[in-house]
Each structure stands twice: as structure tokens, then as C-alpha cells.
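# Topology and contacts: notes
One letter stands for each residue in the lines below.
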Amino acid sequence: MNDVLLNIKNLKTSFRIKDDYYAAVDDVSLTVRKNEVLAIVGESGSGKSAFAFSIMGLHTRAKIEGEIDYKGINLAKANANQMKKLRGNEMGMIFQDALSALNPLMVVGAQIDEAILLHNPKSSKSLRKKQVINLLNQVGIPRPEKTYDQYPHELSGGMRQRIVIAMAISNQPELLIADEPTTALDVTIQSQILDLIKELKETIHAGIILITHDLGVVAEMADRVAVMYAGQIVEIADVYTLMENPQHPYTRSLLNSIPTLNEVKEELHVIQGVVPSLQNLPRTGCRFAARIPWIEESAHEASPELHEISPGHYVRCTCYKDFYFPEQAEEERNYVAN
Amino acid sequence: MWKLIVRRTLITIPQIIILSILVFILAQAMPGDALTGLIDPNIDPATIEAMRERLGLNNPWYVQYFDWIKGVIQGDFGQSFRFKMPVSELIGDRMINTLWLSLATLILTYLIAIPLGIISGRFNDTWLDRMITGYTYIGFAAPLFIFALVMLFIFGFQLGWFPTSGSVAPGTEPGTFAYFISKLNHLLLPALSMALITTVSTVQYLRSEIIDTKQKDFIVTARAKGSSESRVYNRHVLRNSLLPIAAFFGYEITGLIGGTIFIENIFGYPGMGELFLSSISLRDYSVMTALVLLFGLAAIIGALLSDIILSLVDPRIRIK
Ligand SMILES: Nc1ncnc2c1ncn2[C@@H]1O[C@H](COP(=O)(O)OP(=O)(O)OP(=O)(O)O)[C@@H](O)[C@H]1O
Ligand code: SF4
Ligand SMILES: [Mg+2]
């Protein structure tokens, strides 16, 4: 397949805490193709941002191992100069909190202008201004000329996120990483921003990595989904398979925890606990086992690995076959009893 | 923005009025009055009483207050009781000297603080940073007057590089180049002594401002746009950290007032601070009150300047 844009193999990103390195991204392998939206889902702390930052080379103090092959360049080994040319040019990034992602002391127009200038050092000021205005139009800003000269705090949250998006796409990137682009926004604004990203997908033909913990967003936007838990991919599949036929206990728990309107028991399915911190993460055996204590110890694999269970559908470990929700078992027991 | 500046400036009016009332009360509370410095205390009490009446010194306090204010506005602070000359004349030259000393100190303060703060902030937790923060701790711990005495002893008396008192060598013709150099030479040691100590708070402030800015999300954005590290520093980190430093400027002025009082006395530099201490020890009350009023005014103007600069440089404040 030569439409593969990004081919990540055994990526491991570790942070130094005191005297040891702890992996926040552990042995992640996946591909991103042109024109596709790959969603990465997982709870807070599962390593999604650490993963995105590794691709962009934005970690300042992390050990990165493995291979991040972008069009023949291994980003994990690329030098500062190579990365500088790619970042903001071929690879754009949209951040979660637009207010803090923008420089408070610069008008937003100048911030977008800077993104263009950095990769077109010979371009004229007036041409760039036109480009910025076009971009502002493209991301749906009603009065671009006026907005150009405004400071971030003068804009609404939705407008600010549009600015961040305009900045990320200012040089027609081939790879766009959106790290929870809507979490900081109101629900109505959220859907507007998602519509915008969908629209961009059609126009800029980039490969998009969409990071989120909202499975509703995934269902609406993604072509393929990778589920991340404690730094590892636990399941990866196309969006239909994953939604209709989830296998890994973690994926199933996540899907179960989406509140539905006529679901009374929803609370029962919400998985207890949180992702353990880096230092407290079990490094041997299964990382999720602690959160499904009702499953017998013997059911877990000693060192769970990703298995391809059907074409393009990977699940970590084989013991998912024995997984059940506790109340399911109870229902069954009741059923048998009656 | 202009609205904000006008409003902020208007606030100084009540501040100045309160200051003037306080100073007036202070002046009233002190023994003696405007007459004391003018006349020979041996004249006949009846004549004195007549003069008091004529000068309005028997009027109710608020009438006296307005009379006093009227005089102050016209630059009339009364008569120095010790020097037998108008206070305004006495202060005039010394004020110029103090202004020069303060200006030199300010320039040196920033010349020291900006490079040290930048190095220390950019390369925090390296040995360079540790040396610089070590210096700032010493600066915080060392009392200014002791440090100044040490400087005076070493560079003035032992090495003889600088004059040990005065503001200009006697006999130099004002307006000549030699006069200017001599003035500068007299300024340098006191200004440097003061700057070396007062600069440490600016160094620390700049350092923590830079360290703080370095970790901001918009710095990551700047990198994600493809900025080189040097551009990230010059365009985003430095710019955003230096602006709050600019606002510090006004408060430096307030700090200088206290500093000059010590420094001018130790270096025998004829400025307002030196005059202030000597007027206290000589019980030259009219001089004292005039100086307190001027120091107070400087502090009010300093705070005003800070706020105006801050509103000019920070758009988030500009709007409110
Ligand atoms: N610079 C760092 N140094 C040390 N630990 C870090 C660093 N960055 C992230 N971590 C840790 O790595 C783990 C993964 O963090 P990450 O920010 O990638 O999670 P996330 O999935 O993006 O979560 P969220 O949904 O909250 O954004 C967390 O335990 C976090 O505390
Ligand atoms: S061993 Fe398998 S079933 Fe058990 S928790 Fe881990 S992945 Fe799930
Ligand atoms: Mg994150």
C-alpha cells in the first residue's frame, strides 16, 4: 500500500521520573493513510497526547524509541532541522485548549502569519495577509479583517479554536493531528468544530489523527479507531467493526459507558477506577486486569500481545473470549434460576 | 486604553491630596513653624505675635492648609531653619543630583538584570543558573548599607578608583566635558553599589517569568508551527517575559527612594537622601516635610507609571 503516510513501529516514549524512565507510550504500532481519519480513544492519562507529541517531535525531555516512518523519514531519529521543516508545514497540530495554545500578547492574525512565514520566508507581507484572510474565511470566521487584529482573549472559545485550526492548516499539511479539539468547548460549538474538521478532510486530503475520549465523536468522524489504554493499543479496527463488534474488555467497557437516553442501568457499566499513573503502572502482565477484578486471574494472558482476529482487526491478548460484565453474569444466573 | 490611562491618572489626585494632608499634619505636629526659621528668637514676643498674625499663622488649620498648599504649588516650601535659605533653593540642586543617581542606578539595574535573568531563566538548573541564583540570594541577604560600605572601602579607599564623596570635583567648570566626566565618576560607585543589590529582585522576577513562560502551551504551539528554538525564545518566551518586567519599572522608582537615602549618606553624595537624614539630625523641620512630600509624590508617580506601562504592553488589561 503506497498511500501509507505514517508507519509507526514499536514506538515507546518514556519520561524520566527521578532516576528511572517510565513509558507513557509503550510499543505502539499503527499506520495512518492519506485521506483517512484515524481516531485514538482512551481515558485521560492513557498516553494519547504523549503519542501525538512523539510524532510531532514536541517532547523536550523524553526518550523516544522505535520507528516513526513518515514518507521515508524516521521522525524518531530526525534532527532538529529536519523536524523544523516538517512541523507546521507537512504536519499540523490542533490543540485542545485554544486559549492557552495562542500567544496572549499577539493578535491572532500575526500568529497565523508567523506559521506561513516560517515556511515561506520569501513571501511578501501583503500576500501573506491575503492568505491569512483566506484561511480565516475557510475556517468560518465571519469578519476576517476585523478578527485579524484581535487578541485571543477577545474571541469566543469556538472562534479561538478556529484560529488554531487555521494555523494548523496554513501550509496545507499532509498529516493533521487534532488532540481533543473539542473537549474544551460547549456542546453546540463542538459539533460546529467537528463539522469544520470533516469539511477540511474533504478539501485538504490530509491524513488525520483525531484524539478524543468521546466515542460519539469517533462514530461520527473516524474511518479507523485505535483504542489506547495505559500507553498501549488494546484494539484497533475500522469504525464499524469496532462499534458493532468490540472485543477487548476495555473497548467494551468504554462502549458500555456511553450514556444512552433510555438506559437506566448505565451506571453499572461505567468502569471503576482510573488509568494508573506512570510509576504505578503494572509493567508485566495485563495492565487492565486490575480494573476488572471479577475476571479470574487465570483468564488473563501472561504477556498480552496484539492478535489479528480478522483482517485489519487487532485485539491485545486472547482471553477477551472469557470476558463478561458482572451484571451480565448475574442476569444469566437469574435467567437460569427462573 | 486611553480611558484606562485617564482613569488611572485621575486616581492619583485623591492620593496626592491625602499625601499632602498627611504631610501637613506632620508639619503641624513638629515644633516650630514658618516663622522660626525667619527671625531672631530674641525679639520681643509682642512683635512676634504681630508677625504671626500677619503671616496667617493664627488662622484655623484649614485656612493654613490651603495657604500652605498654595505655596507648595508655587514651589514655596518655606525657609530652612539651619541653612537660612528657601527650602526650594536648597532642594533644587540636590534633586538634580538624586535624579542623576537614580537614573544611573536604574540603567545599571537593568543592564545587570536582563542578561542575568535571561541566562538564568533559559538555562535553568544548570551551573550557570545556580551561580546567578546564588548571587541573588546573597543580594537579598546583604543589607544595602553594609554592602555599600564594603564597596566604598575597597574601590574608594583601598584601590582609589573612585572619589569617596561629593558629586563633582571642586573647581570644575559646569558645562565642560571635564565637569560631566567628574559627575559621572562620582555617580558610578554609589549607583553600582545600589544597583548590584536592588537588581537581584528583578533578576529573580525575570528568571521565574521566563521559566514560567517556557512551560506555556503557546510555546508548544510555536514549536509546532516550525519555529527554531532561537525563534521560540526571541519571539515568544522573551517578549512575553520582558513585558511584565517593563511594568516593574515604576516600582523600582519607589525602591530607589529608600536606597538613595542610605547610599547618599554613605558616599557623602549631596542629594535629597543625604539632605533628608541631615535635616532630621539638625531638626530642620521645613526641609524634612518638603522632602517627605517629594518622596511621596515620587512613589505615587512610580506606581502610576507602572500601571500605565502595564496597560500599554498587555492587551488583556488594555480592554478592561
Ligand atoms: N512530560 C511528562 N513528564 C512525565 N510524565 C508525563 C509527561 N507528559 C505526560 N506524562 C504522563 O504520561 C501519561 C500519559 O499522559 P498523556 O497526557 O499522554 O495522556 P492523555 O491520554 O493525553 O490524557 P488526556 O485525555 O487527559 O489529555 C500520564 O500518566 C501523564 O502523567
Ligand atoms: S489479559 Fe487479556 S483479558 Fe485480561 S485484562 Fe488483559 S487483555 Fe484483558
Ligand atoms: Mg491529552
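Note that this is a predicted model, so its numbers are computed, not measured.

## Remarks on the pairing of strand S4 (residues 62-70) of chain A
Residue and element names in this part refer to chain A.
- Where strand S1 (residues 4-17) and S4 come together, 8 bridges link them in antiparallel fashion. Each bridged residue has a counterpart across the sheet, and for lysine 9 the counterpart in S4 is glutamate 67.
- One ladder, built from 2 bridges, connects S4 with strand S5 (residues 73-74); its direction is antiparallel. What sits directly across from aspartate 69, in S5, is asparagine 74.
- The loop that links S4 with its antiparallel partner S5 comprises 2 residues; one of these, lysine 71, has a positive phi angle of about 45°.

## Describing the sheet that holds strand S3 (residues 37-41) of chain A
Residues and elements named next belong to chain A.
- The strand order across the open sheet built from 8 strands is S6-S7-S8-S3-S9-S10-S12-S11, with neighbouring strands paired in mixed fashion. In the strand order of this sheet, the two ends are held by strand S6 (91-94) and strand S11 (306-310), each with one partner. Looking at each pair of strands side by side, their axes are set apart by 20° on average, direction ignored.
- Pairing between S6 and strand S7 (residues 175-179): 4 bridges, direction parallel. The residue of S7 that forms the bridge with methionine 93 is isoleucine 177.
- Together, S3, S6, S7, strand S8 (207-212) and strand S9 (224-229) form the strand contacts of helix H1 (residues 48-56), whose direction differs from that of S6 by roughly 150°.
- Helix H7 (residues 157-168) rests against S6 and S7 of the sheet, and its axis sits at about 170° to S6.

## Examining the packing of helix H4 (residues 108-119) of chain A against helix H9 (residues 229-266) of chain B
- Two elements in contact, H4 of chain A and H9 of chain B, have axes separated by 14 Å at closest approach and are oriented at 155°. In terms of orientation, H4 of chain A and H9 of chain B fall into the roughly antiparallel class. Seen along the crossing, H4 of chain A lies across H9 of chain B with a hand that is right-handed. Of the residues in H9 of chain B, those touching H4 of chain A at Glu114, Leu117 and Leu118 of chain A are Arg231, Arg235 and His236 of chain B.
- Residues that form the contact of H4 of chain A with H9 of chain B fall into these classes: 2 nonpolar, 1 polar and 3 charged.

## Some thoughts on the domain arrangement of chain A
Residue and element names in this part refer to chain A.
- When its domains are assigned, chain A resolves into domain 1 (1-90 + 172-272) and domain 2 (103-170).
- The distance between the C-alpha centroids of domain 1 and domain 2 comes to 26 Å.
- Counting residues at the interface gives 19 residues for domain 1, matched by 11 residues for domain 2.
- Together, the buried faces of domain 1 and domain 2 total about 1100 Å²; carbon and sulfur atoms form 62% of this surface.
- Summed over the three residues of domain 1 that lose the most area to domain 2, namely Ile193, Leu196 and Leu200, the buried surface amounts to 34% of that side.

Calculation criteria
- Residues numbered from 1 in each chain as written.
- Chains lettered and ligands numbered in written order.
- Predicted model: local features only at pLDDT ≥ 70, side-chain atom pairs only at ≥ 80, totals over all residues.
- Heavy atoms only, no water.
- Pairing = 2+ DSSP bridges.
- Helix = DSSP H or I, 4+ residues; strand = E, 2+ residues; numbered from the N terminus.
- Axes fitted to C-alpha atoms, helices over the stretch in contact; angles between N-to-C directions.
- Contact = heavy atoms within 4.5 Å.
- Parallel < 35°, antiparallel > 145°, perpendicular 65-115°, else oblique.
- Left-handed = near helix turned anticlockwise from the far one by under 90°.
- Nonpolar A, V, L, I, M, F, W, Y, C, P; charged D, E, K, R; others polar.
- Domains from an automatic or database assignment.
- Buried area = accessible area lost by both parts, 1.4 Å probe.

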